[in-house]
Structure formats: structure tokens, C-alpha cells
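# Secondary and tertiary structure notes
Here's the letter readout for the chains.
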Amino acid sequence: MNEKPKVSVIIPSYNAKERLEGSLFSLTLQETDIPFEVIVADNGSTDGTMEMLEHIEVNFPFKKVRIPVNQGIAKGRNHAIREAEGDLLIFHDSDMLAEPQFIQKHAEAHADHEDRVICGVCWKRIYRYFYTGFDKDHVKRLKKQGLYQRKMKDKTSLVSMEEVKSGAFLERSFDLQSEFIDILKDILNTYDYDLSSYQLPWRFFITNNSSVKRKHVMELGMFDEKIVRYGFEDYDLGIRLHQLGLSFELREDILSVHQEHPSNLTSFDDIKYNILYMCEKYNNIDSIDVHLAFSGPFSHTVTNDIVKDIRQLRKNEAYDDLLAYFLELLHMITERNVGIKRDQKDVLTAKHFPLKKLSEAVQRAKQEHGCTVLAEAIQGLTKELLHVDLFQVDVL
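Here the structure is a predicted model, which means the values were calculated and not measured.

Parameters and conventions
- Residues numbered from 1 in each chain as written.
- Predicted model: local features only at pLDDT ≥ 70, side-chain atom pairs only at ≥ 80, totals over all residues.
- Heavy atoms only, no water.
- Pairing = 2+ DSSP bridges.
- Helix = DSSP H or I, 4+ residues; strand = E, 2+ residues; numbered from the N terminus.
- Axes fitted to C-alpha atoms, helices over the stretch in contact; angles between N-to-C directions.
- Contact = heavy atoms within 4.5 Å.
- Buried < 20%, exposed > 50% of the residue type's maximum accessible area, 1.4 Å probe, protein only.
- Polar contact = N/O pair within 3.5 Å; in protein donor to acceptor, adjacent residues only side chain to side chain.
- Phe/Tyr/Trp six-rings, centres within 6.5 Å; stacked < 30°, edge-to-face > 60°.
- Lys NZ or Arg CZ within 6 Å of the ring centre and 35° of its normal.

## Focus on the sheet that holds strand β3 (residues 62–67)
Strands pair in a sheet through their backbones, by hydrogen bonds, and they do so in one of two ways: parallel or antiparallel. Sheet architecture is open: seven strands sit in the order β3-β2-β1-β4-β11-β6-β12, paired in mixed fashion. At either margin of the open sheet sits one strand with a lone partner, and together these are β3 and β12 (247–251). Each strand of the sheet is rotated relative to its neighbour by a mean of 20 degrees, with strand direction disregarded. Sheet analysis places strand β6 (residues 116–120) next to strand β11 (residues 210–213), joined by two bridges and oriented antiparallel. Counterpart to Cys 119 in the pairing with β11 is Ser 210. Packed on one face of the sheet, helix α1 (residues 17–27) meets β1 (7–13), β2 (36–43) and β3 and runs near 170 degrees to β1.

## As for unusual backbone geometry
Most of the time, phi is negative for any residue but glycine, and the peptide bond is trans. Despite not being glycine, Met 222 has its phi angle at roughly 65 degrees, a positive value. Considering the arrangement of structural elements, one finds Met 222 in the loop between α9 (214–219) and α10 (233–243). Positive phi outside glycine occurs at Phe 232, with the angle close to 85 degrees. For Phe 232, the position within the fold is in the loop between α9 and α10. On the accessibility criterion, Phe 232 (14% relative accessible area) is buried.

## Some remarks on the environment of Ser 211
With respect to the element layout, Ser 211 can be found in strand β11. Given a relative accessible area of 0%, Ser 211 falls into the buried group. When the C-alpha positions of Ser 211 and Ser 8 are compared, they lie 9.7 Å apart, and in sequence the two are 203 residues distant. Once residues within four sequence positions are removed from consideration, Ser 211 is found in contact with Leu 88, Leu 89, Ile 90, His 106, His 110, Arg 116, Val 117 and Ile 118. Here His 106 takes part through its side chain, which lies 2.7 Å from a polar atom of the side chain of Ser 211.

## So, the packing of aromatic side chains
Applying the stated criterion across every chain yields a total of 18 aromatic pairs. Ring centres of Phe 60 and Phe 62 lie 6.2 Å apart, and the angle between their planes is 85 degrees; on these two criteria the pair is classed as edge-to-face. Under the relative-accessibility criterion, Phe 60 is labelled buried at 7%. Phe 62 gets classed as buried once you look at its relative accessible area, which sits at 18%. Each ring, one from Trp 202 and one from Tyr 235, has its centre 5.5 Å from the other, and the planes form 85 degrees; the classification is edge-to-face. Here Trp 202 is found in the loop between α8 (179–191) and β11, whereas its partner Tyr 235 is found in helix α10, with 33 residues between them in sequence. Taking relative accessible area as the criterion, Tyr 235 reaches 11% and is therefore assigned buried. A network of ring pairs unites the aromatic residues Tyr 127, Tyr 129, Phe 130, Tyr 131, Phe 134, Tyr 148 and Phe 174 as a single cluster. It is Arg 77 that lies over the ring of Phe 223; its NZ or CZ is 5.3 Å from the centre. Taking the ring centre of Tyr 273 as reference, the NZ or CZ of Arg 229 above it sits at 4.0 Å.

Now the structure itself:
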């Protein structure tokens, strides 16, 4: 009789047949004695994914969930989670190649802590296939690595299954160079990998390499299926796990490598839409960190100090109006960043706010509670957006 799986690996997929096949192959090579299952949710693929899944040979319990029409990656993951039997969920993706200790390390990281979120390294990349849809940046990197040849056919193999089996793909992987990754690495260098002193650890919850107990995900209602456009469904769950009180840790030894392919992002409007959705969903003073992460004009170190100040002031409801004012200022920054223009009658000016009362509150927060960073942030945004010196309100 087969032992019940302790771990469920959740993989959503859409038109990624060749990459998914490699991802599943890497999971057959796992060096672990921990019983695990893999659940693939196919989001209406039209590239023969289901036919491949019917014939692939694996050495673990394997479930396939078919969703006839692609309704977003959140819905796909939720379908897979409902089928999961393991106590621990490991989120992987169809385009990821797992190192041999991938499952073992994730499971061990939870052995002594039920209320923890483990985030693995998310920035490793490899060119396993050439795609004719690659943009010029991909082509430039391919040339630099000596992998580009003119007139290559779509889906030309660049890394063999044998190299996946031998582990050579890890040696051929490279770090993604992007502003987003640079920020994450700088945060880690500043606050260390256990993230205990970093106030926004959910920023590392990226579902190509992360894990959490299934009970926590179920308690929160799983992924938000209203997030259909590209990205942010993992951040959303990470935010709620953080607000639930779970701790986060980044494990640099848990590796999974992304097989590069043309971006699924069809328009930057998707990102703007999702930012607006998230800022509206988390429109409360306990979630100011969300607004700071997505639209805040501050460095990550200043942002971290601001959130520490906010958490201190949340202990005293007398500062709720001040924090609500700060939240409104951040809404104004968001609207400016995404290019929204309010109707002229709705444009907020200094007259819309009780500035004398707010001035007294911000100076009290600074003097009595030491919330200097937050006070300076509020002061700076008031000057920038409302053209008022909040510390000089009495003389207006």
C-alpha cells in the first residue's frame, strides 16, 4: 500500500509542453525519502500538453487537472491545491528545473516550525530552448553565451535531458539581471536571509520556488481568482500569509532554475491594473506596506523603517487618522504613477485635510514615539503633493 504523500508539488501550466516535460523530469531525479506527489493543473493548453502528460513516465504519484479554458494562474493553482493530499505545499512552475535536493530541503525547512513560509532562490535562469519569439535582450544574452545561431528553428534544444539528469544544467545557469532582482538581493544583503528584521518579507514569496503548510493556504481561501492578469497572485497570498502571522525565510541553498521563454506579459497595462487592484483590496492602514512596496517613492531601507514606525503607532488608535492620511497620500502617488487622472472636482488639495490636527499628530509621533522616518515621509509627500509644509501649518 502506497504511503500517503507528505508533500504536494503544485504546478500550473499553459502552453509550456516542452518546459513542463523538463520540469517533471527533474522531479523524477529527487534525492529524498519523503513521500511526495505532483499535481499539474493545465490551464486550457492547446500545444499538446495533455497528450504529453498522458504518456510521460514518472516515479511519483501524479495527478493531472484539466481546466478547459485558461481563467488565470490563480484558478489553476487552486484546482491543484484542492486535489492535494500532502500537509506541505511546494509551489513550482511548469518552466522550472528543480535541483536534486529541492523537495528534501523544503520539507526539512518546515520540520521544526509549523508557521513558516520558505522561499527558495528565484533568480536562476537557463536557456534550455531557443524561441523565435525571444526579444532582443534574450538574443543578446544568447549571443553572449555563444548559444545563438542564425535561422534557428523555434524550440531548438540548447540543453539536453542528459544535462538535466547529470546536474550540468545548474552549472550552466546564470542570475537574472533586472532591477527587481537587484532590489531583492540588496534587501537580503541588508537584512539577512532569515528576513526577521525585514518588515515586508512577503516580497520574496514567489511561487516558482516556495513552500507553506496546506492548512494555512486553506485557511486564507487559497489564491485570489480575481487576479487574472499577469502576476501578483503570489504576492497577494504572501501578504495574507504575513498578516496571518507566519514568519518568512529565504533559503539560498534551495535552487530551482527557470527555463527562459518569451514573456507571458502581453501589456504593461496588466501590471498597472493589478497594482490598482491590490491597492484597492488592501485599502486599510494595516496594509500600508502593500502600497509602499508597489508605489512608494522611498528606498527599501527607508520603507522598512517607515513600516516599523507604523507598526509602533498602530498600538495607539489616536494615530489612526494620521495613518489614514498617509495612506491617502500613497494613493495619490499610485494614481500618478499609473497615469490616472481624477475628475477635476475630485482632485485632492490641502483644503480636503485637517492639516493643523495632522501636523500636531505627526510632530507628537516624532517627539514622543521616535517615529522620525515616518514623520519625514509624511512631511515630504505633503510638500510634494499638496504644496504645504506640514510643520509650518500654524503660520498659514
